[in-house]
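# A look at the structure
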Amino acid sequence: MLSSSPYNFRTVTVADLDLLMKWRSSPHVREWWGDAKYYSEEELADPRVARLIVSDAAGPFAFIQDYTVHGWEDHHFAGLPDGSRGIDQFIGEPTMLGRGHGTALIAARMQALFAAGVPVIATDPHPRNKRAIAVYGKLGFKPSGPPLETRWGLVLPMLATR
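Reading the values: rules and limits
- Residues numbered from 1 in each chain as written.
- Predicted model: local features only at pLDDT ≥ 70, side-chain atom pairs only at ≥ 80, totals over all residues.
- Heavy atoms only, no water.
- Pairing = 2+ DSSP bridges.
- Helix = DSSP H or I, 4+ residues; strand = E, 2+ residues; numbered from the N terminus.
- Core = buried A, V, L, I, M, F, W, Y, C linked by side-chain atoms within 4.5 Å.
- Buried < 20%, exposed > 50% of the residue type's maximum accessible area, 1.4 Å probe, protein only.
- Contact = heavy atoms within 4.5 Å.
- Arc of directions from axis to C-beta.
- pLDDT = per-residue confidence, 0-100.
- Expected span 1.5 Å × (residues − 1).

## So, the sheet that holds strand 3 (residues 59-68)
On the basis of which strands lie adjacent, the open sheet formed by seven strands has the order 1-2-3-4-5-9-6 and mixed pairing. Bordering the open sheet on either side are strand 1 (8-11) and strand 6 (142-143), each of which pairs with just one other strand. Sheet topology places strand 6 next to strand 9 (residues 158-161); two bridges connect them, and they run antiparallel. Considered in strand 9, the bridge of Lys142 is made with Leu159.

## Things to note about the environment of Val69
Mapping Val69 onto the fold places it in the loop between strand 3 and strand 4 (85-91). Taking the C-alpha atoms as reference points, Val69 and Glu31, 38 residues apart in sequence, are found 24 Å from one another.

## Focus on the nonpolar core
Formed by 27 residues in total, the largest nonpolar core has its most connected members in Leu105 and Phe141. Among the secondary structure elements, those contributing two or more residues to this core are strand 2 (49-56), strand 3, strand 4, helix 4 (101-115), helix 5 (130-138) and strand 9. Tallying contributions element by element places helix 4 first for this core, with six residues. Beyond its immediate sequence surroundings of up to four residues, Phe141 is in contact with Ile87, Met110, Ile121, Ala122, Thr123, Tyr136, Met158, Leu159 and Ala160.

## Here's the deal with helix 1 (residues 17-24)
Every buried residue belonging to helix 1 is among Leu17, Leu20, Met21, Trp23 and Arg24, and all of these are buried. Along the axis of helix 1, the buried residues cluster in a sector spanning 160°; they form a single face. If you follow the buried residues of helix 1, they end up packed against helix 2 (27-33), helix 3 (41-44), strand 2, strand 3 and strand 4.

## Side note on the confidence of the model for the protein chain
Averaged over every residue, the pLDDT of the protein chain is 91; the share at 70 or more is 97%. Across the protein chain, the element-wise mean pLDDT spans from 88 in helix 3 up to 98 in strand 5 (residues 120-123).

## Focus on helix 4
The end-to-end C-alpha separation of helix 4 is 21 Å, in line with the 21 Å expected for 15 residues at 1.5 Å each. Regarding helix 4, the residues found buried are His101, Gly102, Thr103, Leu105, Ile106, Ala108, Arg109, Met110, Leu113 and Phe114. Of the residues trailing helix 4, Gly117 is marked for its positive phi of about 100°.

## Looking at the pairing of strand 2
Across the eight residues of strand 2, six count as buried, placing the element largely inside the fold. Relative to strand 2, strand 1 runs antiparallel, the two sharing four bridges. Directly across from Arg10, in strand 2, lies its bridge partner Ile53. When strand 2 meets strand 3, the two strands line up antiparallel, connected through eight bridges. Its bridge partner being in strand 3, Asp56 is matched across the sheet by Gly59.

Printed below as a string of structure tokens:
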């Protein structure tokens, strides 16, 4: 159950934008997420995407988002079953890297999504992001095809099912 998770997931608000910008400006995040940019209030209100701040007992340290893969006509996961979700995330606080938090917080979010009836969870790390690919593999994601170029960049499509 999600209640056994040591993490709290809460919706990103306008008050979180400076924190997200700080995290997105960090070299370890920029490496895979590109140049930092502020989210707009309109983006935060987009019903296709759930953007969440992840905290533990010490406070906020990560960002995760999940989104409907059917929200964009040209999305590379648009052929998945109805209700499928894509996920992306990063650990913002450098002191939290390499401690297993990424695997654990993704697992907690996956559990919540599957419990809500999501049939497939998709993700699309950069093919050179071996650390992310290994984490996703531990969590049951499998590549669903070769790397492909998308409007979001080069990705390795990966899928997990219940």
